Amino acid sequence: MIQLSTYKSEHKRLLSTFSLPHDQLQYTQLPQDALHKCTEDPNRHPVVILHAERPVGFFILHHRSELTDFTKKETSLLIRSLSVNHSEQGKGIALQAMRLLPNYVRLHFPLVTELMLVVNEKNIAAQALYHKAGYLDHGIRREGPVGPQKILHYNML
């Protein structure tokens, strides 16, 4: 069973063992790198994806992010740095986590009305995942470090 958990120090050891193929690292980062940025920015909230109480995935919820240029809502959260440990991929973990996320956000961030994320146009697998989880493409684009990116939305209302 997949669960979402606020990051705890006891997750650090297993998160530091995560690996990702090179082609995925161009679109995301390993948990230990993302966690370092959380210590510098109090608006970044790390979330751990657990399977049988063991960390298998990770992402950040970021409010007051640079994407405020793309939405008028101050009640938006940006999902960033989603990764599932390479040894756990192909099991539907990321999709289950994205489907659990709205309830997690309602519990921990009750004023949030919208989730947003950025996905590279070349990252077809991630786009399919997000569309299956209910994220919509309203045609908003920006240039990213490895090419054009789509900004996807999930309405929490």
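Residues numbered from 1 in each chain as written. Predicted model: local features only at pLDDT ≥ 70, side-chain atom pairs only at ≥ 80, totals over all residues. Heavy atoms only, no water.

### Thoughts on helix 3 (residues 31-40)
Phase 1: Restricting attention to buried positions, one finds in helix 3 the residues P31, A34, L35 and C38. Down the axis of helix 3, the sector holding all buried residues measures 105°, keeping them to one side. Facing away from the buried side of helix 3 by over 90 degrees, the exposed positions are T39 and E40.
Phase 2: Against the buried residues of helix 3 lie helix 1 (12-15), strand 2 (44-51), strand 3 (54-62) and strand 4 (76-84). (Buried < 20%, exposed > 50% of the residue type's maximum accessible area, 1.4 Å probe, protein only. Helix = DSSP H or I, 4+ residues; strand = E, 2+ residues; numbered from the N terminus. Arc of directions from axis to C-beta. Contact = heavy atoms within 4.5 Å.)

### Brief notes about the sheet that holds strand 4
Phase 1: With mixed pairing, the 7 strands of this open sheet are ordered in space as 1-2-3-4-5-7-6. The open sheet has two edge strands, strand 1 (2-6) and strand 6 (136-144), and neither has a second partner. Along the sheet, successive strands turn relative to each other by an average axial angle of 30°, direction set aside.
Phase 2: Strand direction decides the pairing type here: strand 6 and strand 7 (residues 147-155), joined by 6 bridges, are antiparallel. The residue bridging D137 from the neighbouring strand is L152, located in strand 7.
Phase 3: Against the sheet, helix 3 contacts strand 2, strand 3 and strand 4, and its axis sits at roughly 40° relative to strand 3.
Phase 4: Packing against the sheet, helix 4 (residues 93-108) makes contact with strand 1, strand 2, strand 3, strand 4, strand 5 (114-120) and strand 7, and its axis sits at approximately 45° to strand 1. (Pairing = 2+ DSSP bridges. Axes fitted to C-alpha atoms, helices over the stretch in contact; angles between N-to-C directions.)

### With respect to helix 4
Phase 1: For helix 4, which comprises 16 residues, the first-to-last C-alpha distance of 21 Å matches the rise-based estimate of 22 Å (1.5 Å per residue) to within 8%.
Phase 2: Maximum bend of helix 4: about 40°, positioned at L101, with proline P102 one to four residues after it.
Phase 3: For helix 4, the complete set of buried residues consists of I93, A94, L95, A97, M98, L101, P102, Y104 and V105. (Expected span 1.5 Å × (residues − 1). Bend = angle between axes of the 7 residues up to and from the residue.)

### Brief notes about the pattern of salt bridges
If the charged atoms of two oppositely charged side chains come close together, the side chains can form a pair.
Phase 1: Counting across every chain of the model gives 6 salt bridges.
Phase 2: The partner of R54 in a salt bridge is E88, and the shortest N-O contact between them spans 3.1 Å. Taken as a pair, R54 in strand 3 and E88 in the loop between strand 4 and helix 4 lie far apart in primary sequence, 34 residues in all.
Phase 3: On the basis of relative accessibility, which here comes to 36%, the residue R54 falls in the partly exposed class.
Phase 4: According to the relative accessible area criterion, E88 is buried, its value standing at 9%.
Phase 5: Here K91 ties to E88 by a salt bridge, and the two come within 2.9 Å at their closest N and O atoms.
Phase 6: Connected through shared salt-bridge partners, E121, D137, R141 and K150 make up one network. (Salt bridge = Lys/Arg side-chain N within 4 Å of Asp/Glu carboxyl O.)

### Concerning the side chain of N120
Phase 1: Residue placement: N120 occurs in strand 5.
Phase 2: Its relative accessible area of 4% is what places N120 among the buried residues.
Phase 3: Here the side chain of N120 touches K122 through a polar contact of 2.7 Å, landing on its backbone nitrogen.
Phase 4: Contact partners of N120, with chain neighbours within four places excluded, come to Y27, Q127, V146, G147, P148 and Q149. (Polar contact = N/O pair within 3.5 Å; in protein donor to acceptor, adjacent residues only side chain to side chain.)

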